[in-house]
Amino acid sequence: MNQTEPSRRDRILQALVGLLESDPGARITTANLARQVGVTEAALYRHFPSKRKMFESLIEFAEDAVFSRCQMILQEQDDARVRLQQLVHLVLVFAERNAGLCRVLTGDALMGEDEALRKRSCQFFERLETQIRQILKEGDLRQNLRPRTSAGRSADWVMVFVEGRLQRFVRTSFERLPAAGFDESWEILAESLWS
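Residues numbered from 1 in each chain as written. Predicted model: local features only at pLDDT ≥ 70, side-chain atom pairs only at ≥ 80, totals over all residues. Heavy atoms only, no water.

As for the overall build of the protein
Next up, step 1: Broken down by element type, the protein carries nine helices and zero strands.
Next up, step 2: Written out in order from the N terminus, the α and β elements of the protein read α-α-α-α-α-α-α-α-α.
Next up, step 3: Across its three principal axes, the protein shows a C-alpha extent of roughly 60 × 40 × 25 Å.
Next up, step 4: Buried positions account for 46% of the 195 residues belonging to the protein.
Next up, step 5: Excluding contacts between residues fewer than 6 apart, the proportion of contacts in the protein whose partners are at least 24 apart in sequence is 69%.
Next up, step 6: Here the protein displays about 10,400 Å² of accessible surface, and carbon together with sulfur accounts for 46% of that area.
Next up, step 7: Mean positive and mean negative side-chain charge positions of the protein (28 and 28 charges, respectively) differ by 3 Å. (Helix = DSSP H or I, 4+ residues; strand = E, 2+ residues; numbered from the N terminus. Buried < 20%, exposed > 50% of the residue type's maximum accessible area, 1.4 Å probe, protein only. Contact = heavy atoms within 4.5 Å. Areas by Shrake-Rupley, 256 points an atom, 1.4 Å probe, with all protein chains shown as cover. Lys, Arg positive; Asp, Glu negative; His and termini not counted. Charge placed at Lys NZ, Arg CZ, Asp CG, Glu CD.)

Written out as structure tokens, the structure is:
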């Protein structure tokens, strides 16, 4: 395999993220992307068979980055409260540092794209909710941390918090940072989760 392929591929994805970040709300065309990278549209398609595959690669990157770090949190922390707090903070900080990817994950950048892409971005949040539900269940079993309601409803409440912060970040053109005031907000949220 040619050594320049991975770097060109990465440059394409970085340029795509850059465009998503620098022009919130704009639809990305392959012509704009090719111009940004300094290649022809045909060159883009040598590395990605479609724009959909470019977006899927970004979603996969986000999943790998967030969920590999999530596994580290689970290995390093025993307390379910700490696990959950660190996981939520991780997602918010990741979105803050990767504003273009945040647009993809929230579906904002996928308007007018293939509906399958929007469903694919939803899988990130479904996986996150499953992990949160699991942490809540383990806290109940191992630490006797009784949720005020079911683990499913509690996970739903945490997801409303996370997704709300991400949507607000995108809606405000990246001005309202997702992790701003996290400690105080988390304290209020955590009180509502456990008895």
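Examining the packing of helix α4 (residues 51–76) against helix α7 (residues 115–143)
Next up, step 1: It is at 10 Å that the axes of α4 and α7 come closest, and there the two elements cross at 5 degrees. One finds that α4 runs roughly parallel with respect to α7. Only Ala-116, Leu-117, Arg-120, Ser-121, Gln-123, Phe-124, Arg-127, Leu-128, Gln-131 and Ile-135 of α7 make contact with α4, whose side of the interface consists of Arg-52, Phe-55, Glu-56, Ile-59, Glu-60, Ala-62, Glu-63, Val-66, Phe-67, Cys-70, Gln-71 and Leu-74.
Next up, step 2: Class assignment for the residues of the contact of α4 with α7 results in twelve nonpolar, four polar and six charged. (Axes fitted to C-alpha atoms, helices over the stretch in contact; angles between N-to-C directions. Parallel < 35°, antiparallel > 145°, perpendicular 65-115°, else oblique. Nonpolar A, V, L, I, M, F, W, Y, C, P; charged D, E, K, R; others polar.)

Side note on helix α5 (residues 80–97)
Next up, step 1: The terminal C-alpha atoms of α5 lie 25 Å apart, and with 18 residues this matches the ideal 26 Å at 1.5 Å per residue to within 8%.
Next up, step 2: When α5 is considered as a whole, its buried residues turn out to be Ala-80, Arg-83, Leu-84, Leu-87, Val-88, Leu-90, Val-91, Leu-92, Val-93, Phe-94 and Ala-95.
Next up, step 3: Capping the start of α5, Asp-79 holds a side-chain oxygen 2.7 Å from the backbone nitrogen of Arg-81, two or three residues further along. (Expected span 1.5 Å × (residues − 1). Polar contact = N/O pair within 3.5 Å; in protein donor to acceptor, adjacent residues only side chain to side chain.)

Examining the side chain of Arg-83
Next up, step 1: Note that Arg-83 resides in helix α5.
Next up, step 2: Owing to a relative accessible area of 9%, Arg-83 belongs among the buried residues under this scheme.
Next up, step 3: For Arg-83, the residues in contact, after removing those within four places along its chain, are Ile-73, Leu-74, Gln-77, Asp-78, Ile-135, Glu-138 and Arg-142.

Considerations on the confidence of the model for the protein
Next up, step 1: Per-residue confidence for the protein gives a mean pLDDT of 92, with 97% of residues at or over 70.
Next up, step 2: Put simply, helix α1 (residues 4–22) is where the protein has its lowest mean pLDDT, 83, and α5 is where it has its highest, 98. (pLDDT = per-residue confidence, 0-100.)

Structural notes on the pattern of salt bridges
Next up, step 1: Overall, the coordinates contain twelve salt bridges when judged by the stated rule.
Next up, step 2: Between Arg-69 and Glu-76 there is a salt bridge, and its shortest N-O distance comes to 3.9 Å.
Next up, step 3: Taking the shortest distance from any N to any O, the salt bridge between Arg-133 and Glu-129 comes out at 3.9 Å. Of the two residues, Arg-133 and Glu-129 both sit in helix α7, four residues apart, roughly one turn of that helix.
Next up, step 4: If you follow the salt bridges from partner to partner, you end up with Arg-52, Lys-53, Glu-56 and Asp-114 in one network. (Salt bridge = Lys/Arg side-chain N within 4 Å of Asp/Glu carboxyl O.)

Here's the deal with a negative patch on the surface
Next up, step 1: Together, Asp-183, Glu-184, Glu-187 and Glu-191 make up a region of like negative charge exposed at the surface.
Next up, step 2: For Asp-183, the position within the fold is in helix α9 (residues 182–193). (Patch = residues over 30% accessible without salt bridge, like charges linked within 9 Å, V, L, I, M, F, W, Y side chains within 5 Å.)

Some thoughts on the state of the cysteines
Next up, step 1: This structure, assessed with the given rule, holds zero disulfides.
Next up, step 2: Left unpaired, Cys-70 is separated from the closest cysteine sulfur, that of Cys-102, by 18 Å.
Next up, step 3: No disulfide involves Cys-122; its sulfur sits 14 Å from the nearest other cysteine sulfur, which is in Cys-102.
Next up, step 4: On the basis of relative accessible area, Cys-122 is assigned to the partly exposed category, the value being 40%. (Disulfide = S-S within 2.5 Å.)

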